[in-house]
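# A closer look at the structure
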Amino acid sequence: MSPWLQAYLTPGSQAVKFAVKATLAMLLALYVALWCDLERPYWALISAAFLQIRPMSGMVVEKGLSQIAGTLVGCAAGMLIMGLFVQAPIPALAVLTLWIMLCTYGSSLLRNNGSYGCIMGAVTAMLIVVIGAQQPDGLFGIAVARLSELALGAICATLVSSLLWPIKVRDHLGQQADEVVNQAFHHASLRLADTSDVETLQSTLTASLEPLTQLETDSQAARYEGPEGPGRIRASHVLTRHSLRLMASLHALQQLLHHHGERLDPAIHRLADEIADGFRLAAESSGVDQAQERLQELRRRVLDCPDQEASPLQLRVLIGLRETLGHALIMLDARDSLSLPAGKRLRGAALAWHRDHLAAGLNALRAGLIFATLASLWIATTWDNGQVAMLLGTLFSAFFASRDNPVMICMMFAKGMLAAIPSAFVFGHVLLAQANGFVMLAMIFLPPLFLGLLGAANPRLMGYCLAFTIGNILLTMPGNGMDFSFDSFINRAIAVMVGLATVVGGFRLLPGFASGLRKRRLVKAIAHDLQRLPQRPIHEAETRFIGSMADRLLQLARHDDVLPEDQRHLFSLGLTGLDIGYACLQLRRRLDDLTDPAVHRAQRHFFAALARAYQDSASGHASSEVRPAGEALIATLAHQPSLDERHRALLAGLVERLDLSLQRQSERAGASRLAAETRTGAA
């Protein structure tokens, strides 16, 4: 069935509840705004609509606080700009452009609702400067009015979200965690079964990473849902950390099983197959307890395997299997703690995230260019509705900048706004002009908003339907002194389309960096973090590296998806970087307590060699530095009485495995580059 027919002919109960809640929040905001005789009540409606996009109670509170904080900062910035340049509109707009660029830059670097706060800081400052240029005597009143309208929308959205069919963040986090764990366990079963289906491996990894990165961000809102919130946040950190550790261990294990399987005892292969089946069954289990029981039994079997007389390679595989099952059990414990944090005492620090300052700078430059274009048009034409175009340009240039395909999203919003023009004309002007009293206003004005929100509950239609809802509000501009003239309506409609067209043009003119450059920057960032691993305390180093790798793995996997099958190597490249980083962290845990400076110098040299070799392998060049640097580290450890022969053998096996892994990665990248050149030559 078409998603449109599904959304409007057979809507689900959750979609209807979402539309009803959002409509009631806007109804309450409109009533209070009209009762208080606020200057622009439609801002309260837009505020309530944006906050209800993700209607979990804790998220609405968090987003509302971010919105109010961003509005306060934007008010201060707008008043400061006007205080300095009240008689000089062009310098005021120039400084405002820089402020919008700064807010867009900050928004591009943040992952939580702080990003939304930055956007509101830009929009609020823009409104104060543009409206204040026409009413310089009422500057403080303008700032208070904007803050009152946006705060009113936030309060109404929070009240409705908390009182009517409340959706808790804890339930949302539980659903995300289930998806993370199940997909990670499916990925584990494929890895340990040594499957050659790279596409399925990549799809299960991506299906686990996407909700994992979202879970880490969404969990911050749990702090607004009672004293158990911090426990849920820590559980999400633990789940993220050990999910990535699991993926690193699985990548290393499959390489050993695939490339050195003939050197392993058949019993090891049988054990790996049993564990693969155990992971598959655990992913299909109906509850955490059942999955834990199955994996605990497998872990006891691995621990009972004798390793005193095992070869270094076999010992490495047994240790890898133990680590894999250990990480999986901790993941299940963290999943359980998300639902019942009171009975758990998990410790997990907040993770760092990958931040691309160059991409953020480009987003800021684009936002500044879009606003400067619209501001120049406004100055040149003295167009009354130019502020509507500037509003949309400021809002959407920052709002869409971090999306995967901003041009497509802009076109979706443009189509939704176009559909809103006849709707707003009929409901917001022809019919509303005949209304008398608030009840009639609500009965005429709110039905198209409800229909837009009902469709917005479907993620595939959200861009069209949310734009339709906002377009109806902006084109109608409900208030106590509404202007129902046809000229003003057409002026606003033109302003809306001019603003969106400028945003689309800005994204087409500055579409973002090419995939090749983004890939090189991701690889360079991974190599940089590998080189810096010995320079930070162990917990800080792990927090920064593991958290950043979640983003980078997902981005590399997405780049891989658009390449021809014979050129796909980025998926493996990201996992190789994760495996190397995790191995380095494990090495630090064993060696950081040693006091010999020579050991730490050799360790830093080994880490630097790994980082350079990793960067070379991404270009298809094999490095010969890793093995000599590893052997030098092993030779240094020969004089350490706290490390026995078994530890040195394990380290020798680790050095050999990492060197072979990098060699294979360079071969794969070289083959991919050759296939690309051949394809280009044939074309």
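Summary of the structure given here. (Residues numbered from 1 in each chain as written. Predicted model: local features only at pLDDT ≥ 70, side-chain atom pairs only at ≥ 80, totals over all residues. Heavy atoms only, no water.)

## Some points on the overall build of the protein
Scanning the protein from terminus to terminus reveals 25 helices and zero strands. Its C-alpha atoms give the protein a radius of gyration of 29 Å, near enough to 26 Å, the size a compact globule of 683 residues would have. Considering only C-alpha atoms, the protein reaches an extent of 90 × 55 × 50 Å along its principal axes. By residue count, 57% of the 683 residues in the protein fall in the buried class. Considering only contacts in the protein between residues 6 or more positions apart, those separated by 24 or more positions represent 80%. Carbon and sulfur atoms make up 58% of the accessible area of the protein, which amounts to about 28,200 Å² in all. (Helix = DSSP H or I, 4+ residues; strand = E, 2+ residues; numbered from the N terminus. Rg over C-alpha atoms; globule rule 2.2 N^0.38 Å. Buried < 20%, exposed > 50% of the residue type's maximum accessible area, 1.4 Å probe, protein only. Contact = heavy atoms within 4.5 Å. Areas by Shrake-Rupley, 256 points an atom, 1.4 Å probe, with all protein chains shown as cover.)

## Focus on a nonpolar patch on the surface
Residues Leu28, Ile155, Leu159 and Leu163 make up a contiguous nonpolar surface patch of about 390 Å² in total accessible area. In terms of residue count, helix H7 (residues 139-163) provides more of the nonpolar patch than any other element does, three residues in total. Assignment of secondary structure puts Leu163 in helix H7. Taking relative accessible area as the criterion, Leu163 reaches 70% and is therefore assigned exposed. (Patch = residues over 30% accessible without salt bridge, like charges linked within 9 Å, V, L, I, M, F, W, Y side chains within 5 Å. Salt bridge = Lys/Arg side-chain N within 4 Å of Asp/Glu carboxyl O.)

## Here's the deal with the side chain of Gln255
As for its position among the elements, Gln255 is in helix H10 (residues 229-259). Within polar-contact distance, the side chain of Gln255 engages the side chain of Ser661 at 3.2 Å. In contact with Gln255, not counting residues within four places along its chain, are His260, Asp579, Arg657, Ser661 and Arg664. (Polar contact = N/O pair within 3.5 Å; in protein donor to acceptor, adjacent residues only side chain to side chain.)

## Comments concerning the packing of helix H20 (residues 515-532) against helix H23 (residues 597-618)
When two helices pack together, their arrangement is given by the angle between their axes and by how far apart the axes lie. Relative orientation of the contacting elements H20 and H23 amounts to 170 degrees, with a least axis distance of 8 Å. Compared by their axis directions, H20 and H23 come out roughly antiparallel. As for how H20 packs across H23, the hand of that crossing is right-handed. For the pair formed by H20 and H23, the contact residues are Lys519, Val523, Lys524, Ile526, Ala527, Leu530 and Gln531 on the first element and Phe607, Ala608, Ala611, Arg612, Tyr614, Gln615 and Ala618 on the second. (Axes fitted to C-alpha atoms, helices over the stretch in contact; angles between N-to-C directions. Parallel < 35°, antiparallel > 145°, perpendicular 65-115°, else oblique. Left-handed = near helix turned anticlockwise from the far one by under 90°.)

## Digging into the pattern of salt bridges
As enumerated under the stated definition, the model contains 21 salt bridges in all. With a closest N to O distance of 3.9 Å, Arg170 and Asp171 form a salt bridge. On the basis of relative accessibility, which here comes to 36%, the residue Arg170 falls in the partly exposed class. By relative accessible area, Asp171 is classed as partly exposed at 43%.

## Re the side chain of Gln220
Looking at the element boundaries, Gln220 is found in the loop between helix H9 (198-218) and H10. Among the polar contacts listed, one links the side chain of Gln220 to the side chain of Arg223, at a separation of 2.8 Å. With residues near it in sequence (within four places) discarded, Gln220 still touches Glu62, Ile233 and His237.

## A closer look at the nonpolar core
Ranked by internal contacts, the top residues of the largest apolar core, which has 105 residues, are Phe185, Leu239, Phe279, Leu295, Leu578 and Phe606. Leaving out residues up to four positions away in the same chain, Leu239 has contacts with Ala177, Val180, Val181, Leu212, Leu215, Met331, Ala334 and Leu338. Membership of the second largest hydrophobic core comes to 103 residues, among which are Trp99, Cys103, Met126 and Leu441. (Core = buried A, V, L, I, M, F, W, Y, C linked by side-chain atoms within 4.5 Å.)

## Considering the packing of aromatic side chains
Per the counting criterion, the structure on display carries 13 aromatic pairs. When the ring of Phe185 is compared with that of Phe279, the centres are 5.2 Å apart and the planes differ by 65 degrees; the resulting orientation is edge-to-face. Within this pair, whereas Phe185 is found in helix H8 (residues 169-192), its partner Phe279 is found in helix H11 (residues 266-283), the two being separated by 94 residues in sequence. In this structure, Phe185 and Phe279 share a single accessibility class: buried. Ring pairing ties together the aromatic residues Phe50, Tyr116, Phe396, Phe399, Phe400 and Phe413, which thus form one cluster. The ring centre of Tyr116 lies 4.7 Å from the NZ or CZ of Lys63, which sits over that ring. (Phe/Tyr/Trp six-rings, centres within 6.5 Å; stacked < 30°, edge-to-face > 60°. Lys NZ or Arg CZ within 6 Å of the ring centre and 35° of its normal.)

## Points about the packing of H8 against helix H13 (residues 312-339)
Following both chains from N to C, one finds H8 and H13 inclined at 165 degrees, their axes separated by 9 Å at the closest point. Our classification of the angle between H8 and H13 gives roughly antiparallel. At the point where H8 passes H13, the crossing takes the left-handed sense. Here H8 contributes Leu173, Gly174, Ala177, Asp178, Val181, Ala184, Phe185 and Leu192 to the contact with H13, which in turn contributes Leu321, Ala328, Met331, Leu332, Arg335 and Leu338. Considered class by class, the residues forming the contact of H8 with H13 number 11 nonpolar, one polar and two charged. (Nonpolar A, V, L, I, M, F, W, Y, C, P; charged D, E, K, R; others polar.)

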